[in-house]
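Per-entry structural report
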Amino acid sequence: MTDESGAQLGSDPTLDAGQTVTVEASGFAAGEEVTVTVNSTPMLLGSVTADADGSVTYVFTVPTSLEAGAHTLVLAGSSTSVTVPFQVAAAGDDSGELPSTGGNVGTLGLFALGALVAGAGALVISRRIS
C-alpha cells in the first residue's frame, strides 16, 4: 500500500478518513474481475480487472463513514482473495502529538512573577515606613 506521494505505508497502516492510497495485489487469473470490499463494516467499493499477469492496482479512498479502528480491505477473485489490514484514525488525530490538557504555564508563570515582585515591593515599602 502506498500513499499519494508513492511512499510505502507498511503493514497495518493508520489512515485518515478521506485519505487516498493505492493497493497492489497479485495471484488472480488474467482478466479476472476482482471485487473490492471493506470488512468490519461490510461495504462494497467496486471492482477492478486483473491484468495479463494476474495483478491488480486499486486506488482506494478511505470512506469518511468508516468508524475509527481496525478494518480490512479485501480484494476477491473467483479463487484468490487478498486481505489488507488497516486502521482508521480517530477524527482530529492526525498531529501525532498528545492533546493539550492543562493551562498555559507561561501565563501562570508571569502571574506568579508579578505577584512575587509586588510582594517584595510591599515588603520594602512597609520596612521604610516603620
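The structure this text deals with has already been given above.
Residues numbered from 1 in each chain as written. Predicted model: local features only at pLDDT ≥ 70, side-chain atom pairs only at ≥ 80, totals over all residues. Heavy atoms only, no water.

Concerning the nonpolar core
Definition in use: Residues enter a nonpolar core if they are buried and are Ala, Val, Leu, Ile, Met, Phe, Trp, Tyr or Cys, with the set joined through side-chain atoms within 4.5 Å. Remark: exposure states derive from per-residue accessible area (1.4 Å probe, protein chains only) relative to the maximum for the residue type, with buried under 20%, exposed over 50%, and partly exposed in between. Under the scheme used here, helices are H or I runs from DSSP no shorter than 4 residues and strands are E runs no shorter than 2 residues, and both carry numbers assigned from the N terminus.
Among the nonpolar cores identified, the biggest contains 21 residues, and Leu15, Phe28, Val56, Phe60, Leu73, Leu75 and Phe86 are the most heavily contacted of them. Those elements that provide at least two residues to this core are β2 (20–25), β3 (33–39), β5 (56–61), β6 (69–76) and β7 (81–88).

What to know about the packing of aromatic side chains
Applied cut-off: Only rings of Phe, Tyr and Trp enter the pairing, Trp through its six-membered ring, and a pair is recorded when the two centres are within 6.5 Å. The plane angle decides the type: under 30 degrees is stacked, over 60 is edge-to-face, the rest tilted.
Tallied over the full model, the rule gives 1 aromatic pair. Between phenylalanine 60 and phenylalanine 86 the ring centres are 5.5 Å apart and the planes differ by 65°, which places this aromatic pair in the edge-to-face class. Of this pair, phenylalanine 60 sits in strand β5 while phenylalanine 86 sits in strand β7, and the two are 26 residues apart along the sequence. By the burial criterion, phenylalanine 60 is buried, and phenylalanine 86 matches it.

Quick look at the environment of aspartate 51
The cut-off we apply is this: Any two residues whose heavy atoms approach within 4.5 Å at even a single point are treated as in contact. Polar contact criterion, stated in full: a pair of N or O atoms within 3.5 Å, where within protein one must be able to donate a hydrogen and the other to accept it, and residues adjacent in sequence count only if both atoms are side-chain atoms.
By the secondary structure assignment, aspartate 51 is in the loop between β4 (43–49) and β5. Through-space distance from the C-alpha of aspartate 51 to that of glycine 31 is 5.6 Å; in sequence the pair is 20 residues apart. If near-sequence neighbours (up to four positions away) are discounted, aspartate 51 is found in contact with Ala30 and Gly31. A distance of 2.9 Å separates a polar atom in the side chain of aspartate 51 from the backbone nitrogen of aspartate 53.

Just distances and angles here, no functional claims.
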